[in-house]
Amino acid sequence: MPKILVAPSILAADFSNLAGEVRKVESAGADWVHCDIMDGHFVDNISFGPMVVEVVRKQTKLPLDVHLMIEHADHYVPRFVDAGANSITVHVEPEARHDVAKTLQQIRDAGCRAGLTLNPATSFDLLEPFLDKIDMLLVMTVHPGFGGQSFRAGQMEKVKRAAEWNKTRDRKIDIEVDGGINPETARVSIQNGANVLVAGTSIFRSRDYAKTIRDLRGD
Ligand code: DX5
Ligand code: ZN
């Protein structure tokens, strides 16, 4: 059983004290810090950019897990690499308007782990050509754009397919879930094969970050 990793999404953090929140989740036992980048085009919301990732980089040694919900991710990859990203995840949908294989190679050539993700409405089949080019698959369990939405259990089919794919490979990819993850939906996700849990609301709205992180892992 792979180690279960917890990646708090700072989209749900108290931005008036972002540095403190990052330090707080690190001392609470988080494994990664998930940075949700939104451009207002690919998703109907605007969040933050490389400058904020740079601020987070200075506060923690944890790996920064950057999720690009933007168009033309290839154009911005260098800036997130320079800002201190450790992994960069891009969307597979045509609406993301980039050459997926090229962008994944660009991310790896820059020394970052390459992630690929898909929206709930997007078929797993779209991922097939790229699975051997990535280090992590992010299965969106909500439609991207906002925190605090409800988990879509139907997305577990994709988690299962990724876990099946892993069984046929020596080099396993991380399987990450993102959206509506709380201790209950984390358990379902782990049961289906996920090993990385993104959680925003369930951690940052809780009174005890360390307990929530332990509960998410099922410790
Ligand atoms: C949504 C983001 C998610 C979101 C998770 O577009 O990709 O990472 O912040 O938030 P919660 O855990 O609140 O559903
Ligand atoms: Zn995300």
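Here is what the cut-offs are and how they apply
Residues numbered from 1 in each chain as written. Chains lettered and ligands numbered in written order. Predicted model: local features only at pLDDT ≥ 70, side-chain atom pairs only at ≥ 80, totals over all residues. Heavy atoms only, no water. Salt bridge = Lys/Arg side-chain N within 4 Å of Asp/Glu carboxyl O. Helix = DSSP H or I, 4+ residues; strand = E, 2+ residues; numbered from the N terminus. Buried < 20%, exposed > 50% of the residue type's maximum accessible area, 1.4 Å probe, protein only. Pairing = 2+ DSSP bridges. Near = heavy atom within 4 Å. Polar contact = N/O pair within 3.5 Å; in protein donor to acceptor, adjacent residues only side chain to side chain. Areas by Shrake-Rupley, 256 points an atom, 1.4 Å probe, with all protein chains shown as cover. Core = buried A, V, L, I, M, F, W, Y, C linked by side-chain atoms within 4.5 Å. Contact = heavy atoms within 4.5 Å. Disulfide = S-S within 2.5 Å. Arc of directions from axis to C-beta. Axes fitted to C-alpha atoms, helices over the stretch in contact; angles between N-to-C directions.

Chemist: Please explain the pattern of salt bridges as it appears in this structure.
Modeler: A side chain with one charge may pair with a side chain of the opposite charge, provided their charged atoms come close. Evaluation of the coordinates by the stated rule reveals 15 salt bridges. Where Glu 54 meets Lys 58, a salt bridge forms, and the shortest distance between an N and an O atom there is 3.9 Å. Within this pair, Glu 54 and its partner Lys 58 are both found in helix 2 (residues 50–59), separated by four residues, close to a single helical turn. Its salt-bridge partner being Arg 161, residue Glu 128 comes within 2.8 Å of it at the nearest N-O pair. Of this pair, Glu 128 sits in the loop between strand 5 (113–118) and strand 6 (136–140) while Arg 161 sits in helix 5 (residues 156–167); the two residues are 33 residues apart in sequence, bridging distant segments of the chain. Residues joined in a network through salt bridges with shared partners are Lys 3, Asp 31, Arg 217 and Asp 219.

Chemist: Honestly, the pairing of strand 1 (residues 5–8) in this entry has me stumped. Any pointers?
Modeler: Regular strands have side chains that alternate between both faces of the sheet. Covered by surrounding structure in strand 1 are Leu 5 and Ala 7 together with Val 6 and Pro 8, the residues of both alternating faces. Both strand 1 and strand 8 (residues 196–199) contribute to a ladder of four bridges, which runs parallel. Within strand 8, the residue paired with Val 6 across the bridge is Leu 197.

Chemist: Sorry if this is basic, but what is going on with the site of ligand 1 here?
Modeler: By nearness alone, 20 residues border ligand 1, and Asp 36, Gly 145, Asp 178, Gly 200 and Thr 201 come closest of all. The separation between an oxygen atom of ligand 1 and a polar side-chain atom of Asp 36 is 2.7 Å. Separating an oxygen atom of ligand 1 from a backbone N or O atom of Gly 145 is a distance of 2.7 Å. Considering ligand 1 on its own, with 380 Å² of exposed area, one finds that the protein chains cover 99% of that surface. Contributions of two or more residues to the shell around ligand 1 are made by strand 2 (33–38), strand 3 (64–69) and strand 8. If one sorts the elements of the shell around ligand 1 by residue count, strand 2 sits on top with three residues.

Chemist: Even after reading the chapter, I still don't get the nonpolar core, so can you show me in this structure?
Modeler: Nonpolar side chains in soluble globular proteins generally cluster together in the buried interior. In this structure, Ile 10, Leu 68 and Ile 88 are the most contacted members of the largest nonpolar core, which totals 64 residues. Examining the composition of this core, we find that five residues originate from one element, helix 5, more than from any other. With sequence-adjacent residues up to four places away left out, Ile 10 is seen in contact with Phe 15, Leu 18, Val 22, Val 33, His 34, Cys 35, Phe 48, Val 56 and Phe 204. Core analysis: the next-biggest nonpolar cluster, separate from the first, contains six residues, Leu 5, Ala 7, Val 196 and Val 198 among them.

Chemist: Explanation requested: the state of the cysteines in the structure shown.
Modeler: Linking two cysteines covalently through their sulfur atoms gives a disulfide. Applying the stated criterion to the full structure yields zero disulfides. Free of any disulfide, Cys 35 has its nearest neighbouring cysteine sulfur in Cys 112, separated by 12 Å. On the accessibility criterion, Cys 112 (7% relative accessible area) is buried.

Chemist: For this particular structure, what's the right way to read helix 3 (residues 73–83)?
Modeler: Considered for burial, the residues of helix 3 that qualify are Ala 73, Val 77, Phe 80 and Ala 83. Along the long axis of helix 3, the arc covered by the buried residues comes to 125°, so they all point the same way.

Chemist: Could you clarify how one ought to interpret unusual backbone geometry in this entry?
Modeler: Keep in mind that most residues, glycine aside, have a negative phi and that most peptide bonds are trans. At His 72, a residue that is not glycine, the phi angle is positive and equals roughly 55°. With respect to the helices, strands and loops of the structure, His 72 is situated in the loop between strand 3 and helix 3.

Chemist: Any chance you could explain the sheet that holds strand 7 (residues 174–178) here in plain terms?
Modeler: Hydrogen bonding along the main chain pairs the strands of a sheet, whether they run parallel or antiparallel. The eight strands are arranged 1-8-7-6-5-4-3-2 in an open sheet whose pairing can be described as parallel. Because the sheet does not close on itself, it has two edges, and the strands there are strand 1 and strand 2. Each neighbouring strand pair of the sheet contributes to a mean axis angle of 25°, computed without reference to strand direction.

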